Amino acid sequence: MGRGAASAFLGVHSGHPGFGMMALDGSVYVGASTGETGIDVLAARDPDRSENVLRHLAWIARHDGRSSNREERERAAAWLAARSRGLPVR
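Just so it is clear, the structure is predicted and the values come from calculations on it, not from any experiment.

Digging into helix H1 (residues 51–62)
So, step 1. Compared with the 16 Å implied by 1.5 Å per residue over 12 residues, the 17 Å span of H1 between its first and last C-alpha is a close match.
So, step 2. Turning to H1, its buried residues number three or more, namely Val53, Leu54, Leu57 and Ile60. For H1, the buried positions fall inside an angular range of 125° around the axis, keeping them on one side. With respect to the buried face of H1, the exposed residues turned more than 90 degrees away are Glu51, Asn52, Arg55 and Arg62.
So, step 3. Against strand E3 (28–34), strand E4 (39–45) and helix H2 (70–84) lie the buried residues of H1.

Structure representation (structure tokens):
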């Protein structure tokens, strides 16, 4: 739980695990992180059509706080940009 999070590979930082993943064809998105009082989990089919997922990814793309991850921000921004150009979202 702490070792993988040290590099932000499996979470924000040590003791705060989390992950986000998408099917290679873009058909399913699953994410999990630690919240204030528990674990937050998000799973969506066809995430490019879900306003909640789009809002969440837009927040990730622009959030630049202590707990943010640069690579995650860049990937979310790239995914959203591809979607807005009508490209396959992978």
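Re the pattern of salt bridges
So, step 1. If you walk through the whole model with that rule in mind, you get four salt bridges.
So, step 2. Notably, a salt bridge pairs Glu71 with Arg75, separated by 2.9 Å at the nearest N-O pair. A residue pair is termed a helical-turn pair when its members lie 3 or 4 positions apart in one helix, as Glu71 and Arg75 do in helix H2 at four residues.
So, step 3. By relative accessible area, Glu71 is classed as partly exposed at 43%.
So, step 4. Relative accessible area serves as the criterion here: at 58%, Arg75 is assigned to the exposed category.

Quick notes on the nonpolar core
So, step 1. Of all hydrophobic cores here, the largest spans eight residues; its members are Tyr29, Ala44, Val53, Leu54, Leu57, Ile60, Ala76 and Trp79.
So, step 2. Looking at this core, the elements that each hand over two or more residues are H1 and H2.
So, step 3. Take this core: its biggest share by element is four residues, from H1.
So, step 4. Setting aside anything within four residues of it in sequence, one finds Leu57 in contact with Tyr29, Ala76, Trp79 and Leu80.

What to know about H2
So, step 1. Helix length check: H2 (15 residues) gives 21 Å between terminal C-alpha atoms against 21 Å at 1.5 Å per residue, within 8%.
So, step 2. Residues Arg73, Ala76, Trp79 and Ala82 constitute the buried set of H2.
So, step 3. Gly86 occupies a position one or two residues after H2 and carries a positive phi of about 80°.

Brief notes about unusual backbone geometry
So, step 1. One non-glycine residue, Asp46, lies in the positive phi region at around 50°.
So, step 2. On the secondary structure map, Asp46 appears in the loop between E4 and H1.

Quick notes on the rules
- Residues numbered from 1 in each chain as written.
- Predicted model: local features only at pLDDT ≥ 70, side-chain atom pairs only at ≥ 80, totals over all residues.
- Heavy atoms only, no water.
- Helix = DSSP H or I, 4+ residues; strand = E, 2+ residues; numbered from the N terminus.
- Expected span 1.5 Å × (residues − 1).
- Buried < 20%, exposed > 50% of the residue type's maximum accessible area, 1.4 Å probe, protein only.
- Arc of directions from axis to C-beta.
- Contact = heavy atoms within 4.5 Å.
- Salt bridge = Lys/Arg side-chain N within 4 Å of Asp/Glu carboxyl O.
- Core = buried A, V, L, I, M, F, W, Y, C linked by side-chain atoms within 4.5 Å.

Read these as spatial facts, not as claims about activity.
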